[in-house]
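Survey of secondary and tertiary structure
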Amino acid sequence: MLQNVAAVLLDGAHPFELGVVCEVFGVDRSDEGLPRYDFAVVSAEGPELTTHVGGLTVSTPYGLERLEEADLITVPAGSDFARREYPPELLDALRRAVERGARVLSVCSGVFVLGAAGLLDGRRCAVHWHHAAELARQYPRVSVAPDVLYVDEDPVITSAGTAAGIDACLHIVRKEQGTEVANKIARRMVVPPHRDGGQAQYIERPLPRSSCDTVGEVLSWMEQHLDEEVTVDQLAARAHMSPRTFARRFQQETGTTPYRWILRQRVLLAQRLLEATDETMDAIAWRTGFGTAAALRHQFVRALDTTPHAYRRTFRGPEAAA
């Protein structure tokens, strides 16, 4: 049973990610019939810690010994976590916690602490998309999932940036104490009661262009004609290459195929239109080259694990035009 929760901090702590954990586990809501957690903020580097917000510090009487009794240890994000070294005593405490059956949860860049402790080896993990490449480089034995909100590889749970930490915390509550408890906490926090961990992070991620020496002009043309159907033969002719040479150069310079490249650009354009306009799904499907609303929905769900309607509501509210 989840009863004892600790949030462990280092210098450069991010207050928002700490606040996420405190809001879910640190607020006493027992007068509403909800569980009361024995919650503590723990310092791994002395009684007073800096944060990345100028002038704001965090003081706590709890040191690493407090982690020995925790059922769940959370590791919120902090500044330069991808580059700094961590106290060996903290890494040992995290390893001992997992060995005795406790859970550990990282929020955003807190995942680098779990990686340094060796707790991610052989596991799949979530991380903010901004840190995904660096995490994969530092920890090649880890399967990094850069697109999802959170990953539960019990007893190690990892979450992406900021608000995804709320989703992961509520997931743990739901898992341990049921849907009703998690929904009530979410209602008090005025957040969605459940977003599946596999839902995609909302990332604007155009494919790389900097090294596209020979196909750069073709890429620019493709971006301006997303509503048109094109073939590799047509693109190769524009690049003054044979189709085979063009396909090989395209793969070398973009890291993907022409079909996948244009598909990703169409999804990105659809995202921008859903966020910023009231155009109908049919109109967006036509402008993005998908042709029909059904085809738009199919490719959008494949890319982002959510529907175009749900995406528009997320960014523009429930009153947005369908």
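Looking up the protein chain in an unreviewed UniProt entry gives the name AraC family transcriptional regulator, with the organism given as Streptomyces ambofaciens.

**A closer look at the pairing of strand 2 (residues 38-43)**
The element strand 2 is largely enclosed, with a buried count of five among its six residues. Examined bridge by bridge, strand 1 (residues 4-9) and strand 2 share six bridges and lie parallel to one another. Counterpart to alanine 6 in the pairing with strand 2 is alanine 40.

**Focus: the packing of aromatic side chains**
This model, assessed by the stated rule, comprises five aromatic pairs. Their ring planes at 90 degrees and their centres at 6.4 Å tell us that phenylalanine 250 and tryptophan 261 sit as a pair that is edge-to-face. Linking phenylalanine 250 in helix 9 (residues 243-254) with tryptophan 261 in helix 10 (residues 258-276), this pair joins segments that are 11 residues apart in sequence. Phenylalanine 250 sits in the buried class, given a relative accessible area of 0%. Across from the ring centre of tyrosine 62, 6.0 Å away, lies the NZ or CZ of arginine 66, which sits over that ring.

**Remarks on the UniProt feature "domain: HTH araC/xylS-type" (unreviewed entry) in the protein chain**
The UniProt entry lists residues 216-314 under the feature "domain: HTH araC/xylS-type" (unreviewed entry), expressed in the numbering used here. Structurally, residues 216-314 is divided into 74% helix and 0% strand, and its ends, taken at the C-alpha atoms, are 34 Å apart.

**Brief notes about the nonpolar core**
In this structure, Phe25 and Val173 are the most contacted members of the largest nonpolar core, which totals 37 residues. Ranked by residue count, the leading element in this core is helix 5 (residues 163-177), at seven residues. Setting aside residues no more than four positions away along its own chain, valine 173 makes contact with Val24, Phe25, Tyr37, Gly178, Val181, Ala182 and Ile185. Formed by 35 residues, the second largest nonpolar core is a distinct cluster that contains Leu10, Leu94, Leu135 and Tyr139.

**Describing the confidence of the model for the protein chain**
On average, residues of the protein chain score 89 in pLDDT, and 91% of them reach the 70 mark or higher. Every residue in residues 205-211 is under pLDDT 50, and counting partners more than four places away or in other chains gives 17 contacts.

**Re the sheet that holds strand 2**
With mixed pairing, the six strands of this open sheet are ordered in space as 2-1-5-6-10-9. Edge positions in the sheet fall to strand 2 and strand 9 (150-153), since each has one partner strand and no second. The average undirected angle you get between the axes of adjacent strands in this sheet is 15 degrees. Of the strands in this sheet, strand 1, strand 2, strand 5 (72-75) and strand 6 (103-107) touch helix 1 (residues 15-25), which is tilted by about 160 degrees from strand 2.

Rules of the game
- Residues numbered from 1 in each chain as written.
- Predicted model: local features only at pLDDT ≥ 70, side-chain atom pairs only at ≥ 80, totals over all residues.
- Heavy atoms only, no water.
- Buried < 20%, exposed > 50% of the residue type's maximum accessible area, 1.4 Å probe, protein only.
- Helix = DSSP H or I, 4+ residues; strand = E, 2+ residues; numbered from the N terminus.
- Pairing = 2+ DSSP bridges.
- Phe/Tyr/Trp six-rings, centres within 6.5 Å; stacked < 30°, edge-to-face > 60°.
- Lys NZ or Arg CZ within 6 Å of the ring centre and 35° of its normal.
- UniProt positions renumbered as here; feature names shortened; annotations may be inferred.
- Core = buried A, V, L, I, M, F, W, Y, C linked by side-chain atoms within 4.5 Å.
- Contact = heavy atoms within 4.5 Å.
- pLDDT = per-residue confidence, 0-100.
- Axes fitted to C-alpha atoms, helices over the stretch in contact; angles between N-to-C directions.

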